[in-house]
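# Remarks on the overall topology
Spelled out from the first residue to the last, the chains are:
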Amino acid sequence: MSGRLVLQSLYCSFTRKVPLKHSFLPSNRLYVGIFRVSSNEFCTATEPQFVEKKHCNIGTIGHVDHGKTTLTAAITKILAKDGLAQYVSYDEIDRAPEEKARGITINAAHIGYSTKLRHYAHTDCPGHADFIRNMISGASQMDAAVLVVAANDGPMPQTREHLLLAKQVGIQYIIVFINKADLVDGELLELVEIEMRELLSDFGYDGNTVPMICGSAMKALNGDESEFGAPSIRKLLSTMDEYVPPIVRDLSSPFLMPIDNAFTVPGRGTVVVGTIKRGIMKKNAEADLLGFGQNIKTTISDVQIFKNSVPEALAGDNVGVLLRGMKIKSVQTGMLLTAAKSCFLTNHYKAKIYFLTRNEGGRRKPIFSKYSQQMFSGTWNIAVRIDLEPTQQMMMPGDHGEVYLTLLEDMVMTVGQPFTVRENNVTVATGIITETRSSINVPKGKLGKVVLKFDD
Amino acid sequence: MKLTVQTYSKMIFQLVRRFHAGPVCRAAESSLLAKLRKKTGYTIANCKKALEMHNNDADKAESWLNDQAQAMGWAKATKLAGRTALQGLVAVKFDKEHGALVELNCETDFVAKNEKFLKMIEDATLACFKFAHTHMQAKGPVTKMELDSEQLANLATQSGKKLSEELALFIGTVGENAVLRRAECWKANNKDVKITGYTHPAPATPADYSAGKYGALLAYKQPNDTEDVGRQLCQHIVGMGPRKIGNKETDKPAKDTDDETCLIFQEYLLDPSYTVEEVLAKHKVEVIDYIRFSCGEVIEANMPGVEKQPLDTVQTLQ
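Residues numbered from 1 in each chain as written. Chains lettered and ligands numbered in written order. Predicted model: local features only at pLDDT ≥ 70, side-chain atom pairs only at ≥ 80, totals over all residues. Heavy atoms only, no water.

## Quick look at the overall build of chain B
On a plain count of helices and strands, chain B comes out with eleven helices and eight strands. Here the contacts in chain B between residues at least 6 apart in sequence split such that 67% fall between residues at least 24 apart. Accessible surface computed for chain B: about 16,700 Å², of which carbon and sulfur atoms make up 54%. (Helix = DSSP H or I, 4+ residues; strand = E, 2+ residues; numbered from the N terminus. Contact = heavy atoms within 4.5 Å. Areas by Shrake-Rupley, 256 points an atom, 1.4 Å probe, with all protein chains shown as cover.)

As structure tokens, this is what we get:
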């Protein structure tokens, strides 16, 4: 019998390790690449479900001493055994380099690893402001968070602030990892769990269903195979795979395509080029061309991908679209091609914004309402006026908060769309749209004379 | 086979455990522990220890915990003392003749948003404010006193406790290092001299106490018949961070107005078409002194070359 076991284990480790180690990511990518090309060649619509490894952004939050970093290190160590990650030691994470992303210093450690199902980008931000900056600058939008709490301490007073942050940055899925479970008995673990569930419910999460995993990151890091050691980390990983649903491409919404370029094909008409952001674009569909105060109705005469005419194209495809009865003069880079009546134009938005500090190349002086500058988003730019919340007197460089944007002309912007504000060719602010508001009048094209109404 | 053994052992273990402590009894213990924890907020491990020591007598356990809290706080504070605390808040409290500006640091900005932290910094600020009322002796137009961590720690709060004790308790509950970094206590010795304060972010309605990332105190003279611009000037100081007031005769304005470090030559924040000097003249204001704290700047700058206001009016503790 033992002989059989030995054979079995040999067989298992052989089949598991060898092929994976050598063909980890590159081949995976290649595979996806081939698949895409071939599906493009036949018809994009037939195979919407690509066999690609799904990506997921995850972060750790929790008190400084409760073992966030140890947990991250333990995860990479355990996955490294299966060849799915590179082991990153505690010191390496702790000494996280200050990352320069789009001119903003983000004090965060980014670590990548894969499970058998998905690829994860793991973020470990030390503070609240770092998380917000991370989100606003678009460095990473977090899909889920692992809340680490030590069993011997239980939730701390500031755990409330951690959950508040999770709510603020729009994290829908939280997994609780009760760390240092080896230090206390089952009764205490139960109590920590009850307290956490209560707290989660307080913040609008479904406290009864949030998964809780007890374990010891330290034990796992030391290669311990008992209940709270490595198995607890594996359990956490499989929970992450199961509990956080895969992020699917949005194919159900009406289509939307920002226009990168446009040209005239003699004898046929105007062709606009761009990448479809969401939805399915079908031949002969009614469409609107929106932007810079214009709203032009048109019909899609033809859709082409790599010079091949196709009946429909999906989100993510780069396409050329022939528009019926469109003059090249009326098309501008930065306009949007959308399904008829699916989007509306407005010049008024609410946004979360971050003003860069002086060290990051931002302003030195504070910002007041009526601050007017050029705003850049996607492929276009336009004059914008920024107004602070009426309760706020000013914003200092380094501050983040909610502001009202008033654009010189009507544009289409979707919630979550990023933008930057530049002053004298220097980026001074970056932000994302949080709310579309109804259009307001700009008297004689002068932003300074706009009168804002704050309804709330 | 291994699996079956494991399952059996687990079952046996659970069985034995059930005999050992019946489910009813266990639930009662848990809820007692949960109650004590909710009431006191001390760590789970400590609550359990307290209950064990006092045979599940919740009242005794609670009083024991309260007795121990100070000692445990000290222990924790000593353990965490070396860790960098860069985050936190600056708080200001003032009336017409007195002002206090206090900086309290912690490790993460999560803690700085917690109500326990807000309570801590308010206590510290009130202590300094009281100190400005009772202990400062008159000399010059404004008596100023700079307090460092140690001097701050020795101040007494309204409840009679020392600030250092309160701080240790606070460190014990949040488990993070916290430092009473510095404070400034001001007292005006002259009826003409007014003191005002400002913090950023400012509260929606002006109040005599507020806390934020930046804070400033300003002492100025202004006749009563002109519109009071003290708060606005204080906001300007917070926003623009001038290095010194500047003197019209000896200082020269910088070539680029953006690099201006003298208060009087700077563009006025609320109306950049005027300089501060013009605004002062218009409202007949005389700026006597100001101080500005930016949270974490002491550690960041490591103190070298920090330019200070003239020290002739400063009174020391000795």
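## Notes on helix α9 (residues 230-240) of chain B
Residue and element names in this part refer to chain B. Among the eleven residues of α9, nine are classified as buried, and the element is accordingly described as predominantly covered. Of the residues making up α9, those classed as buried are G230, L233, C234, Q235, H236, I237, V238, G239 and M240. Next to the buried residues of α9 lie β5 (193-200), β7 (214-221), α10 (276-282) and β8 (286-294). Just past α9, the residue G241 takes up positive phi, approximately 55°. (Buried < 20%, exposed > 50% of the residue type's maximum accessible area, 1.4 Å probe, protein only.)

## Things to note about the confidence of the model for chain A
Residues and elements named next belong to chain A. Per-chain confidence: chain A averages 80 in pLDDT, with 83% of residues scoring 70 or above. Low confidence marks residues 5-51, where pLDDT is under 50. Its contacts with residues over four positions away, or in another chain, come to 29 contacts. Here residues 97-102 is a poorly scored stretch, pLDDT under 50, and it has 13 contacts once near neighbours within four places are set aside; other chains count. (pLDDT = per-residue confidence, 0-100.)

## Examining the side chain of K144(B)
Residue and element names in this part refer to chain B. Mapped onto the elements, K144 comes out in strand β3 (residues 142-148). Relative accessible area serves as the criterion here: at 4%, K144 is assigned to the buried category. Polar contacts involving the side chain of K144 include one to the side chain of D289, which spans 2.9 Å. (Polar contact = N/O pair within 3.5 Å; in protein donor to acceptor, adjacent residues only side chain to side chain.)

## Observations regarding the interface of chain A and chain B
Note: interface size is frequently given as the accessible area lost on complex formation between the parts. With 39 residues of chain A in contact, the opposing surface of chain B contributes 42 residues. Among the residues chain A hides against chain B, the three largest losses belong to E187(A), K365(A) and Q393(A). Together they make up 17% of the total. The interface formed by chain A and chain B holds five salt bridges in total. For E267(B), the salt bridge identified is with K365(A), shortest N-O distance 3.0 Å. Along the contact surface separating chain A from chain B lie 17 residue pairs in polar contact (both at pLDDT 80 or more). For the side of chain A that touches chain B, the elements supplying multiple residues, two or more each, are α5 (128-136), α6 (159-168) and α7 (186-202) of chain A. (Buried area = accessible area lost by both parts, 1.4 Å probe. Salt bridge = Lys/Arg side-chain N within 4 Å of Asp/Glu carboxyl O.)

## Here's the deal with the sheet that holds strand β4 (residues 109-114) of chain A
Strand pairing in a sheet relies on backbone hydrogen bonds, with the paired strands running either antiparallel or parallel. All names here are of chain A. With respect to topology, six strands assemble into an open sheet ordered β4-β5-β1-β6-β7-β8, the strand pairing being mixed. Looking along the sheet, the strands with just one partner apiece sit at the ends: β4 and β8 (212-214). Each strand axis lies, on average, 25° off the axis of its neighbour in the sheet, ignoring direction. Relative to strand β7 (residues 173-179), strand β6 (residues 144-150) runs parallel, the two being bridged by seven bridges. Paired with V148 across the two strands is F177, which belongs to β7. Of the strands in this sheet, β1 (54-62), β6 and β7 touch α6, which is tilted by about 155° from β1. The strands touched by α7 within the sheet are β6, β7 and β8, with β7 carrying the most contacts at an inclination of about 155°. (Pairing = 2+ DSSP bridges. Axes fitted to C-alpha atoms, helices over the stretch in contact; angles between N-to-C directions.)

## Regarding the pattern of salt bridges
In total, this model carries 28 salt bridges over all chains according to the counting rule given. Taking the shortest distance from any N to any O, the salt bridge between R363(A) and E423(A) comes out at 3.0 Å. Linking R363(A) in the loop between β18 (346-355) and β19 (371-377) with E423(A) in strand β22 (residues 418-423), this pair joins segments that are 60 residues apart in sequence. Each member of the pair R363(A) and E423(A) is classed as buried. One salt bridge in this structure joins E107(B) and R83(B), with 3.1 Å as the shortest N-O distance. Note that E107(B) is positioned in the loop between β2 (98-106) and α5 (109-113) and R83(B) in the loop between α4 (58-80) and β1 (87-94), a separation of 24 residues in sequence.

## Observations regarding the packing of aromatic side chains
On inspection of all chains with the given rule, the structure shows four aromatic pairs over all chains. Stacked on the ring of F376(A), the Lys or Arg R422(A) has its end atom at 5.7 Å from the ring centre. Here the guanidinium or amino end of K282(B) rests over the ring plane of Y274(B), the centre of that ring lying 5.8 Å away. (Phe/Tyr/Trp six-rings, centres within 6.5 Å; stacked < 30°, edge-to-face > 60°. Lys NZ or Arg CZ within 6 Å of the ring centre and 35° of its normal.)

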